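Now for the letters of each chain:
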Amino acid sequence: MRDLDVISNLGVPIYTQPGYQGGVLIPNSYKFQHSFFTPDEIEDLILALHIIGQFRRKGVKNSILKKIELLVPELAFLKERDFMDYLQIELFQKPLLKDDVVFRKINLALDQEVFLQLETKEQTYCVVPLRYALRTSGLYLYASDGIQKLTFAIADILNCEITSKEFVRQDYEKFF
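Residues numbered from 1 in each chain as written. Predicted model: local features only at pLDDT ≥ 70, side-chain atom pairs only at ≥ 80, totals over all residues. Heavy atoms only, no water.

Q: I tried to follow the overall build of the protein on my own but got confused; where do I start?
A: The helix and strand inventory of the protein stands at 5 helices and 7 strands. Listing each helix as α and each strand as β along the protein from the N terminus yields α-β-β-α-α-α-α-β-β-β-β-β. The proportion of buried residues among the 176 residues of the protein is 30%. Of the contacts formed within the protein by residues at least 6 apart in sequence, a portion of 55% connects residues at least 24 apart. Total accessible area computed for the protein in this model is approximately 12,100 Å², and 52% of it derives from carbon and sulfur atoms. (Helix = DSSP H or I, 4+ residues; strand = E, 2+ residues; numbered from the N terminus. Buried < 20%, exposed > 50% of the residue type's maximum accessible area, 1.4 Å probe, protein only. Contact = heavy atoms within 4.5 Å. Areas by Shrake-Rupley, 256 points an atom, 1.4 Å probe, with all protein chains shown as cover.)

Structure, rendered in structure tokens:
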């Protein structure tokens, strides 16, 4: 009921239909007459999408942008046009794809709190992944071998394997 109150207070018409296949409904004819976002928020969202474009394939950015355009078509179109015409984002030499095998393995290790075995040109490390760091020079992984904090440029990781050795994140907070 609280969620329905919030949606209703945002100006979305809600009605209930009792009985079989009933429930809480929004009329099919309802269209958003205004956005829940301010013009500045729309601009920030579109800028963020351009930055996200450095990490993901273009289709993801375009899919999200189309959804924003459903809310405020003219404003979203103008802001997107401004960014396309007047802003070029070049954070990295080559695009980083979050769908890359290294990203997937690091993300899984972060989620499951397991050690990673990372191979770079210099050597192989068995580390606890702590977090990513986005720098102007690229994307990095902060990790620890239990003794010190280590930093790896994602572009320098040749191979990444998930181990079965678990860790507890709180035990490594001193390295954050």
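Q: Mind showing me how you'd approach the packing of aromatic side chains here?
A: Overall, the coordinates contain 4 aromatic pairs when judged by the stated rule. Relative to Y132, the ring of F103 lies with its centre 6.1 Å away and its plane at 45 degrees, an arrangement referred to as tilted. Separated by 29 residues along the polypeptide, F103 in helix α5 (residues 101-112) and Y132 in strand β4 (residues 124-135) bring together distant segments of the chain. Classification of Y132 by relative accessible area gives partly exposed; the value is 26%. (Phe/Tyr/Trp six-rings, centres within 6.5 Å; stacked < 30°, edge-to-face > 60°.)

Q: Please clarify how the pattern of salt bridges should be interpreted in this entry.
A: Two side chains that carry opposite charge are able to pair once their charged atoms sit near each other. Enumeration over the complete set of coordinates arrives at 2 salt bridges. Of the charged contacts in the structure, one is a salt bridge between E113 and R169, with a shortest N-O distance of 3.8 Å. Taken together, the residues E113 in the loop between α5 and β3 (114-119) and R169 in the segment after β7 (159-166) connect sequence positions 56 residues apart. According to the relative accessible area criterion, E113 is partly exposed, its value standing at 25%. (Salt bridge = Lys/Arg side-chain N within 4 Å of Asp/Glu carboxyl O.)

Q: It is not clear to me how the side chain of T120 should be interpreted in this structure. Could you clarify?
A: Along the chain, T120 turns up in the loop between β3 and β4. Side-chain polar atoms of T120 contact the side chain of E122, separated by 3.2 Å. Not counting the four nearest positions on each side in its chain, T120 is found in contact with Y125, F152, D156 and L158. (Polar contact = N/O pair within 3.5 Å; in protein donor to acceptor, adjacent residues only side chain to side chain.)

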